[in-house]
Amino acid sequence: MFNVNDIRKDFPILSRKVNGKPLVYFDNAATSQTPQQVIGGIVDYYSNHNANIHRGVHTLSQEATDLYEQARQKIQVHFNAKFSHEIIFTSGTTHGINLVANGFSSLLKKGDEIIVSALEHHSNIVPWQMLCERTGATLKVIPMNDEGELVMTEFDIMLSENTKLIFVNHVSNALGTVNSIEYIIEKAHQVGAAVLIDGAQSSPHIKADVQKLNVDFYVASAHKMCGPTGVGVLYGKEEWLKKLPPYQGGGEMIAEVTFEKTTYAELPHKFEAGTPNICGGIAFGAAIDYMNAIGFEVIANYENELLEYATEELLKIEGLKIYGTSKHKTSVISFNLEGIHPYDVGTILDKLGIAVRTGHHCAQPIMDYFKIPGTVRASFSFYNTKAEIDTLVEGVKKAKMMLS
Ligand code: PMP
């Protein structure tokens, strides 16, 4: 049985005070908090197993290697990849996207088209623009509507035999919209295009099955899934990962090196040059275990309850507008108070111990669409409570009174 009060005991940070007030952490879409089970794993790794992996014959190196490779298998099982070598450890979503964008440099030519969506994070826009500059390919954008949803009829029109790649986030970080990735993947494959799904925002809420989705690439960051920063995952279908050239050269990713020629290691090592974030990878595995023990369906149901309650309560405040009103949303509320800058609201909320994000959320095109400088974004996780939402609502009312 899910009991939020028991869950909260797993997160030491949730009992601290900020500015003399109990912390209310509603910046989960930026980074989630870390449970004791994951922190304990990090302490255990550095206390008992720390060594470099893959190349040592000594016991510690073998222990560290086993733990790291076990974590890769946990991630494989979690995302239901066919093979563990389809799981590439990265430093995060941004790294995974750049790895794929770089790989496609040699596969694209002038006249080829890449499709992204109007709802993307900058890290799923800029690498593709850079790729277009390198190759002469053209970038097309699926537009959005006032609800913050993608206009799929426009996608149907822009899709053609020239489309080689499509990059869309599963969930928008700025608005929380859940995109119709199943439809996009199916349509893309009909014209022979590959699809990369940015799962940075979906992975904390929705368990993606990459085989069922039939997606070509899926990327995520551990730090949004109760894991540490500086580690993430790129899932790629074996056939694609074999086709793409390595991203970085260095140790670990080679089979043989001479000054005349280097041959590359097999997957996944071909894409894992240098000493990786070993402890981070292991902790990522522990975080996935932690979330699965609670259960993603349980998490999604509870977070949805929080979303509905917060939406209802916030909308009672006169002059408050929510951006992103799709029925298909994760637990993110982006809002503004009429005539008040989001930064000012965020500053007052911080004084009250409430952590929200303010600004353009690395998604400037969305802000341009709504003709606003940014929003206040409150994003909820399974360890948040309705009482904390009440505190937020009172805080927003206070901010409105002080700033009007
Ligand atoms: N894509 C989306 C949708 C995101 O929300 C984020 C993180 N805010 C990223 C990509 C980038 O993730 P990271 O900074 O962990 O590489």
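Given the structure is predicted, the values throughout are model-derived calculations rather than measurements.

With respect to the domain arrangement of the protein
And then number 1: We note that the domain assignment places domain 1 (4-30 + 295-403) and domain 2 (39-293) within the protein.
And then number 2: Here the C-alpha centre of domain 2 lies 28 Å away from the C-alpha centre of domain 1.
And then number 3: Contacts between the two partners involve 22 residues from domain 1, matched on the other side by 23 residues from domain 2.
And then number 4: Those elements that provide at least two residues to the side of domain 1 that touches domain 2 are α11 (296-314), β14 (332-337) and α13 (364-370).
And then number 5: The element contributing the most residues to the side of domain 1 that touches domain 2 is α11, with four residues.
And then number 6: Here the side of domain 1 that touches domain 2 is built from residues that sort into eleven nonpolar, nine polar and two charged.

A closer look at the environment of Val393
And then number 1: Mapped onto the fold, Val393 is located in helix α14 (residues 386-403).
And then number 2: Along the chain, Val393 and Leu314 lie 79 residues apart, while their C-alpha atoms are 6.0 Å from each other.
And then number 3: Those residues in contact with Val393, other than ones at most four positions away along the chain, are Glu313 and Leu314.

Observations regarding the UniProt feature "domain: Aminotransferase class V" (unreviewed entry) in the protein
And then number 1: The positions that UniProt labels "domain: Aminotransferase class V" (unreviewed entry) are, in the present scheme, residues 24-392.
And then number 2: Within residues 24-392, the helical portion is 39% and the strand portion 18%, while the C-alpha atoms at the span's ends are 8 Å from each other.

A look at the site of the ligand
And then number 1: Around the ligand, 13 residues are found, and the nearest of them are Gly92, Thr94, His121, Asn173 and Ser221.
And then number 2: Here the residues of the shell around the ligand are counted per class, giving two nonpolar, ten polar and one charged.

Details of unusual backbone geometry
And then number 1: For the bond running from Leu267 to Pro268, omega is 0°, close enough to zero to count as cis.
And then number 2: Take Pro268: it is sitting in the loop between β12 (262-264) and α10 (278-294).
And then number 3: Phi is positive for Asn19, which is not a glycine, with a value near 55°.
And then number 4: We classify Asn19 as exposed; it has 10 C-beta atoms within 10 Å.
And then number 5: Phi is positive for Cys362, close to 55°, though the residue is something other than glycine.
And then number 6: Inspection of the secondary structure puts Cys362 in the loop between β16 (357-359) and α13.
And then number 7: We classify Cys362 as partly exposed; it has 17 C-beta atoms within 10 Å.

Description of the sheet that holds strand β6 (residues 138-142)
And then number 1: In space, the seven strands of this open sheet follow the order β4-β10-β9-β8-β7-β5-β6, with mixed pairing throughout. Bordering the open sheet on either side are β4 (87-90) and β6, each of which pairs with just one other strand. Strand-to-strand, the axes of this sheet are offset by a mean angle of 20°, without reference to chain direction.
And then number 2: Relative to β6, strand β5 (residues 113-117) runs parallel, the two being bridged by five bridges. Bridge pairing in β6 links Ile114 to Leu139.
And then number 3: Sheet contacts for helix α3 (residues 59-79): β4, β9 (217-221) and β10 (232-236); angle to β4, the most-contacted strand, approximately 120°.
And then number 4: Docked against the sheet, helix α7 (residues 181-190) engages β7 (163-169) and β8 (194-198), running at close to 175° with respect to β7.

Definitions and cut-offs
- Along each chain, residue indices are assigned from 1 in the same order as the chain's sequence is written.
- The predicted nature of this model means local features are confined to residues of pLDDT at least 70 and side-chain atom pairs, given and counted, to a pLDDT of 80 or more, with totals for whole chains, interfaces and linings taken over all residues.
- Note that the domain bounds were set by an automatic or database domain assignment.
- We call two residues in contact when the distance between their C-beta atoms, placed using the backbone, is within 7 Å.
- For the purposes of this entry, the term helix denotes a DSSP run of H or I that reaches at least four residues, the term strand denotes a run of E that reaches at least two, and both are numbered from the N terminus.
- Throughout, the ten residues Ala, Val, Leu, Ile, Met, Phe, Trp, Tyr, Cys and Pro are labelled nonpolar, Asp, Glu, Lys and Arg are labelled charged, and all others, Gly among them, are labelled polar.
- UniProt positions are given in the numbering used here, feature names are shortened, and annotations may be inferred rather than shown by experiment.
- In this entry, near means the residue's backbone-placed C-beta atom lies within 6 Å of the molecule or strand.
- Labels follow a simple rule on C-beta atoms placed from the backbone: if 20 or more others lie within 10 Å of a residue's own, it is buried; if 12 or fewer, it is exposed; otherwise it is partly exposed.
- We call two strands paired when DSSP finds no fewer than two bridges between them.
- Note on geometry: axes are lines fitted to C-alpha atoms, helical ones only across the stretch in contact, with angles between N-to-C directions running from 0 to 180 degrees.

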